[in-house]
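# Overview (structure and organization)
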Amino acid sequence: MPLYHNDDQAMLADTARGFIAEEGNIAKQLRHWRDRDCKDGFGHGLWKQMAEMGFTGMLVDEADGGLGMGHVEAGIVLEEIGRNLTPSPFLTSSVLAATALKHGSDDLKGRYLPGLITGDSVFAVAIDETAKHRPERITTRAEKSGNGFKLSGAKSFVIQGASADMIVVAARTSGADDDADGITLFAVPKDAAGMSHDAVRLVDSSMATHTKFDGVELDGDAVIGEIDGGRAVLDAMLLAGRVGAAAEGVGVARGAMDMTVDYLKQRKQFGKLIGEFQALQHRASHLYSEVEIARAVTIKAQQLLDGGSANAELMASVAKAKVAKTARLAVQEGVQMHGGIGMTDEYDIGLYMKRDRALAEFLGDAYYHANRVAELSGY
Amino acid sequence: MADLENFRAETRAWLEANCPPEMREPVRGEDDIYWGGRNATFKNDAQKAWLEACVAKGYTVPMWPKEYGGAGLSAPEAKVLREEMGRINARPPLSSFGIWMLGPALLHFGTEGQKQRFLNEIARGEIRWCQGYSEPGSGSDLVSLQTFGEDKGDHWVVNGQKIWTSYADQADWIFCLVRTDKENKYGGITFMLFDMASEGVTTKPIKLISGSSPFCETFFDNVSVPKSYGDDVPAYVGTINRGWDVAKYLLGHEREMISGADGGERAAAIGAAMKRHAAKTGDDIDPVLRAELAMFDVDALAYAAMGEKFLDEIKVGKAHPAQPNMMKYAGTELNKRRHELVMAVGGSRALEWESEATENGKPSKAWLRTKANSIEGGTSEVMLNVIAKRILDLPGA
Ligand SMILES: Cc1cc2nc3c(=O)[nH]c(=O)nc-3n(C[C@H](O)[C@H](O)[C@H](O)COP(=O)(O)OP(=O)(O)OC[C@H]3O[C@@H](n4cnc5c(N)ncnc54)[C@H](O)[C@@H]3O)c2cc1C
Ligand SMILES: Cc1cc2nc3c(=O)[nH]c(=O)nc-3n(C[C@H](O)[C@H](O)[C@H](O)COP(=O)(O)OP(=O)(O)OC[C@H]3O[C@@H](n4cnc5c(N)ncnc54)[C@H](O)[C@@H]3O)c2cc1C
């Protein structure tokens, strides 16, 4: 498969770009909700619009009412979300939770997918328990109780945890904390008793929760996939999420770069446009190169994932790490080249820096994924 | 697809029958590379047999049309051939600036007569070419070149000096940028082809930090260059005074090649190989070095994807015309980092300049050689200038 968008994908990209720039732009969404101290951190109206555009159910199989598209397509939407810093449950709901639900029973699919597709529901995922991404270690426990389970433990960095109608929770049903096996995934409904959310606003104005499960009682049919065999589903979900996060990161990097290059063409100092200074030109050109490369490997990872390749895991980590490094460069150079104005809240460039910081931590940062690249390569 | 699979099977069988076992070994020294030319000698019978087999099949230049000595392969077929050769570690049968640089320019700008004559000679490895672009005062600012060809009707008299002319002392012919109009900067350069044995051409090797002397100062003292070598075989490519267009086109190819965009070793991950190497020699890779290797592999594998994307886009005309500059910049900087890491993993062993264990300083010489990657064919700084100007459209660039 050639490493660029085919005609259908290019058309989707055009549509997504126009729509998200129009409806999901910084003034209309991120600043709007932030300045109103919105408790969700995103707008439900836009989520409904995204449903009307057919975005929300892109990764849902056609048999289940979705569009049955792939990660290249989802990545197209995510890149535009990143470019516009659009606060949206797309990554958690339409990519992560939707991937988990692919492995769910018909009953679970019937319960949750229609809401996702219409944009009436929002889902979250609860994986991490510490400040750094360590899905290898799961200590939250789900003990057999009657026909179901009793869930106890705590999760952190649950994006949109408080606003979600359902949270996909990775819990341990057997074995020791560091075992690969013994994991089970659960679809935990919003109103389950014994669940508490300590919501915090993050640096990028998004909302996350520290979520506690204090003997939350779950029916047996809340299980996604196999009991004790959830690691495979968790891995599939993480893989999709990482590739998706990489795509969003490419958007963040491109958005920051475009703003900066624009600024270089407008701002005058020493009687010249600052874009005439070679010191800045070279840094901008270097940044451009890195962004192109990060984008290429992200598309590669998307294609491998869609093709079911054994190499997808390695390339997903390469992409996540490369994008994390590149987006970091883009936002740092962006703020620096904006000079003092880059430090102000009024200018958008700083918002890119904040979003990059949060996105980099989500599902593993550059260090985590470089380490995985080493491990998967056998060193 | 089925056709490609057939082609793969045929190619595999052909390679099995025609590539001698001695040619399925990594290149160890300069004499393992066959450059061709009038004075070339073969290192052994296997090298000769391998070249002859490839020439007969058109595999020294697989994608060139058959009438010019190629095999007329499509891009996907050529990829299969590369993969199959890679699979058995087959050495390139012939290395040459004629194949990499002049050939593509002739295919694009040459007359039918020039193609018939020069491309076939190149494909058979009969004539070895060198590239006469740089001058002592004109490197990055190539268009300022001063070597002058005075028009004498049916010939020019060329005077001047070139520098950094790779393998000039071993080359048979030179493709050379010569000013033919002093008033016109860009529009006053002619792209000439002439014999290095012409009277008035002398070369003097320059020794490099890596110890070898692959390039020369080249002097032209009243060299007479005819305007034509026969019917439809002009001695210049393109149009007189419009050689800059040819030079630029060719530089694009050169940059692409130097960048390793085609996924050669420059775009490969090295961590696992370094670990195996260290295990063999009983050395350790400390955690910080491992981390650097991992970060390098991230960048290398990402660059490999970029290379693939770039070639895919070129095929359908989607790539930005200045994209080769980006590939060259990123690829060469990456390759320098690669060799820094190889040296770090090698430790004191990699410092041995003359020893059997290092095959006479192979790692350190390779390491030093890579430093030229970001200079030859246009420096990294110049690549960044081009990106700023032609892609980012920055002011005054
Ligand atoms: C937190 C903060 C506190 C401050 N406090 C004060 C204060 O108390 N009093 C006060 O007077 N000022 C203050 N400043 C202003 C500060 O001195 C300026 O922001 C600074 O001098 C840069 O100018 P600028 O913001 O206009 O950026 P610009 O000059 O517009 O620079 C934009 C970008 O272009 C680059 N650039 C500009 N010229 C060149 C060149 N010739 N070559 C290469 N690159 C170039 C810059 O490095 C920068 O990256 C403060 C700034 C900040 C951020
Ligand atoms: C291994 C090798 C093989 C070569 N083979 C050949 C060959 O076969 N034929 C041939 O003709 N030439 C050959 N060259 C020459 C090569 O093309 C030149 O070395 C190259 O173009 C740089 O020119 P220069 O060496 O004169 O450096 P200069 O142009 O003098 O540059 C010196 C430094 O200044 C920087 N610089 C120059 N201009 C600018 C600018 N505008 N902005 C910012 N920085 C700038 C450069 O980046 C560099 O860092 C070869 C070089 C090497 C190293």
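Here the structure is a predicted model, which means the values were calculated and not measured.

## Regarding the overall build of chain A
A count of helical and extended segments in chain A gives 11 helices and 10 strands. Here chain A has a C-alpha radius of gyration of 21 Å; the compact-globule value for 379 residues is 21 Å, and the two agree. In terms of principal-axis extent, the alpha carbons of chain A reach across some 80 × 50 × 40 Å. Split into buried and exposed, the 379 residues of chain A put 60% on the buried side. Restricting to contacts in chain A with at least 6 residues of sequence separation, those with at least 24 account for 74%.

## Some details on the site of ligand 2
Lining the immediate surroundings of ligand 2 are 19 residues, of which S134(B), S140(B), W164(B), T379(B) and E381(B) lie closest. Neighbouring residues of ligand 2 are distributed over chains A and B. Here an oxygen atom of ligand 2 and a backbone polar atom of S134(B) are 2.6 Å apart. Side-chain polar atom of N385(B) to a nitrogen atom of ligand 2: 3.2 Å apart, as the coordinates give it. Contact with the protein chains hides 69% of the accessible area of ligand 2, taken as 960 Å² for the molecule alone. Among the elements of the structure, β1 (129-132), β3 (155-166) and α11 (380-391) of chain B are those that each provide at least two residues to the shell around ligand 2. The leading source of residues in the shell around ligand 2 is β3(B), at 3 residues. In the shell around ligand 2, the residues fall into 5 nonpolar, 11 polar and 3 charged.

## Notes on the side chain of H338(A)
Residue and element names in this part refer to chain A. If you trace the backbone, H338 turns up in the loop between α9 (312-337) and α10 (349-361). Looking at H338, the relative accessible area reads 4%, which means it is buried. A distance of 2.8 Å separates a polar side-chain atom of H338 from the backbone oxygen of G334. Leave out the neighbours within four places in its chain, and H338 touches M259, T260, Y263 and I349.

## Quick word on the site of ligand 1
Residues and elements named next belong to chain A. Taken together, R267, Q269, F270, I274, F277, L280, Q336, M337, G339, G340 and M343 make up the full set of residues adjacent to ligand 1. Within the contact set of ligand 1, an oxygen atom lies 2.5 Å away from a side-chain nitrogen or oxygen of R267. Here Q336 contributes a backbone N or O atom positioned 2.7 Å from an oxygen atom of ligand 1. In isolation ligand 1 has 970 Å² of accessible area, and contact with the protein removes 41% of it. For the shell around ligand 1, the class distribution of residues is 6 nonpolar, 4 polar and 1 charged.

## Here we look at the side chain of T86(A)
Residue and element names in this part refer to chain A. In this structure, T86 sits in the loop between α4 (71-83) and α5 (90-102). For T86, a relative accessible area of 5% gives the class buried. With near-sequence residues (within four places) excluded, T86 lies in contact with I20, G24, Q29, L46, E80 and I81.

## Concerning the interface of chain B and chain A
Each partner contributes to the interface: chain B provides 38 residues, whereas chain A provides 41 residues. Summing both sides of the interface, chain B and chain A together bury roughly 3,400 Å²; the carbon and sulfur share of this comes to 66%. Where chain B touches chain A, the interface holds 3 salt bridges. The partner of D299(B) in a salt bridge is K325(A), and the shortest N-O contact between them spans 2.8 Å. Here chain B and chain A share 19 residue pairs in polar contact (both at pLDDT 80 or more) between them. When contributions to the side of chain B that touches chain A are tallied by element, the ones reaching two or more residues are α7 (271-281), α8 (287-315), α9 (323-346) and α11 of chain B. When residues of the side of chain B that touches chain A are assigned to their parent elements, the largest contribution, 16 residues, is made by α8(B). Class assignment of the residues belonging to the side of chain B that touches chain A gives a composition of 22 nonpolar, 4 polar and 12 charged.

## Details of α10(A)
All names here are of chain A. By the criterion of burial, α10 is predominantly enclosed, with 10 of the 13 residues buried. I349, G350, L351, Y352, R355, D356, A358, L359, A360 and E361 are the residues of α10 that are buried. Where the residues of α10 are buried, they touch α2 (27-35), α4, β3 (148-159), α7 (230-264) and α9. Phi for L363, located one or two positions after α10, is positive at around 65°.

## Some words on helix α10 (residues 362-370) of chain B
All names here are of chain B. Along α10, the residues classified as buried are S364, L368 and T370. When α10 is viewed along its axis, its buried side chains cluster within an angular range of 160° and face the same direction. Among the structural elements, α9 are those in contact with the buried residues of α10.

## Re the packing of aromatic side chains
Residue and element names in this part refer to chain B. In total, this model carries 24 aromatic pairs over all chains according to the counting rule given. With a centroid separation of 6.0 Å and an interplanar angle of 45°, the aromatic rings of F97 and W100 are classed as tilted. Of this pair, F97 and W100 both sit in helix α4 (residues 97-109), 3 residues apart, roughly one helical turn. Overall, F97 belongs to the buried group, its relative accessible area being 11%. Sitting above the plane of the F148 ring, K182 keeps its charged end 4.2 Å from the centroid. One cation-aromatic arrangement involves K365 over W353; the distance from NZ or CZ to the ring centre is 4.8 Å.

## Quick word on a negative patch on the surface
Residues and elements named next belong to chain B. Judged by side-chain charge, E67, E112, D231 and D232 come together as a negatively charged surface patch. As for its position among the elements, D231 is in the loop between β7 (215-226) and β8 (236-237). Overall, the relative accessible area of 76% leaves D231 in the exposed class.

## Some thoughts on the pattern of salt bridges
Residues and elements named next belong to chain A. Applying the stated criterion across every chain yields a total of 62 salt bridges over all chains. For D365, the salt bridge goes to K132, with nearest N and O atoms at 2.8 Å. Highlighted residues: D365 in the loop between α10 and α11 (366-376) and K132 in the loop between β1 (123-126) and β2 (141-145), separated in sequence by 233 residues. When its relative accessible area of 10% is taken as the criterion, D365 is described as buried. If you follow the salt bridges from partner to partner, you end up with R17, E79, E80, R83, R254, D258 and R295 in one network.

## What to know about the pairing of strand β2 (residues 148-151) of chain B
Residues and elements named next belong to chain B. Bridge count for β2 against β3 is 4 bridges, and the pairing is antiparallel. In the sheet register, F148 faces β3, and the bridge partner there is N159. What sits between the antiparallel neighbours β2 and β3 is a turn of 3 residues, in which G153 has the positive phi angle 85°.

## Re the confidence of the model for chain B
With 98% of its residues at a pLDDT of 70 or more, chain B shows a mean pLDDT of 93. Scoring of the predicted complex yields 0.94 for pTM and 0.95 for ipTM.

## A short note on the pairing of β2(A)
Put simply, side chains in a regular strand alternate between the two faces of the sheet. Residues and elements named next belong to chain A. As paired elements, β2 and β3 share 5 bridges and run antiparallel to each other. Bridge pairing in β3 places K144 opposite F149. Linking β2 back to β3 in an antiparallel pair, the connection comprises 2 residues, with G146 at a positive phi of about 60°.

## As for unusual backbone geometry
All names here are of chain A. Residues other than glycine seldom take positive phi values, yet F157 does so here, at roughly 55°. Within the element layout of this structure, F157 appears in strand β3. Here the phi dihedral of D228 falls at roughly 70°; this positive angle occurs in a residue that is not glycine.

## Some details on the packing of α4(A) against α5(A)
All names here are of chain A. Here α4 crosses α5 at 160°, and the two axes come no closer than 11 Å. The pairing of α4 with α5 is recorded here as roughly antiparallel in orientation. Handedness of the α4/α5 crossing: left-handed. Along its contact with α4, which presents H71, A74, V77, L78 and I81, the element α5 presents F90, L91, V95 and T99. Looking at the contact of α4 with α5 residue by residue, the class counts come to 7 nonpolar, 2 polar and no charged.

Thresholds applied
- Residues numbered from 1 in each chain as written.
- Chains lettered and ligands numbered in written order.
- Predicted model: local features only at pLDDT ≥ 70, side-chain atom pairs only at ≥ 80, totals over all residues.
- Heavy atoms only, no water.
- Helix = DSSP H or I, 4+ residues; strand = E, 2+ residues; numbered from the N terminus.
- Rg over C-alpha atoms; globule rule 2.2 N^0.38 Å.
- Buried < 20%, exposed > 50% of the residue type's maximum accessible area, 1.4 Å probe, protein only.
- Contact = heavy atoms within 4.5 Å.
- Near = heavy atom within 4 Å.
- Polar contact = N/O pair within 3.5 Å; in protein donor to acceptor, adjacent residues only side chain to side chain.
- Areas by Shrake-Rupley, 256 points an atom, 1.4 Å probe, with all protein chains shown as cover.
- Nonpolar A, V, L, I, M, F, W, Y, C, P; charged D, E, K, R; others polar.
- Buried area = accessible area lost by both parts, 1.4 Å probe.
- Salt bridge = Lys/Arg side-chain N within 4 Å of Asp/Glu carboxyl O.
- Arc of directions from axis to C-beta.
- Phe/Tyr/Trp six-rings, centres within 6.5 Å; stacked < 30°, edge-to-face > 60°.
- Lys NZ or Arg CZ within 6 Å of the ring centre and 35° of its normal.
- Patch = residues over 30% accessible without salt bridge, like charges linked within 9 Å, V, L, I, M, F, W, Y side chains within 5 Å.
- Lys, Arg positive; Asp, Glu negative; His and termini not counted.
- Charge placed at Lys NZ, Arg CZ, Asp CG, Glu CD.
- Pairing = 2+ DSSP bridges.
- pLDDT = per-residue confidence, 0-100.
- Axes fitted to C-alpha atoms, helices over the stretch in contact; angles between N-to-C directions.
- Parallel < 35°, antiparallel > 145°, perpendicular 65-115°, else oblique.
- Left-handed = near helix turned anticlockwise from the far one by under 90°.

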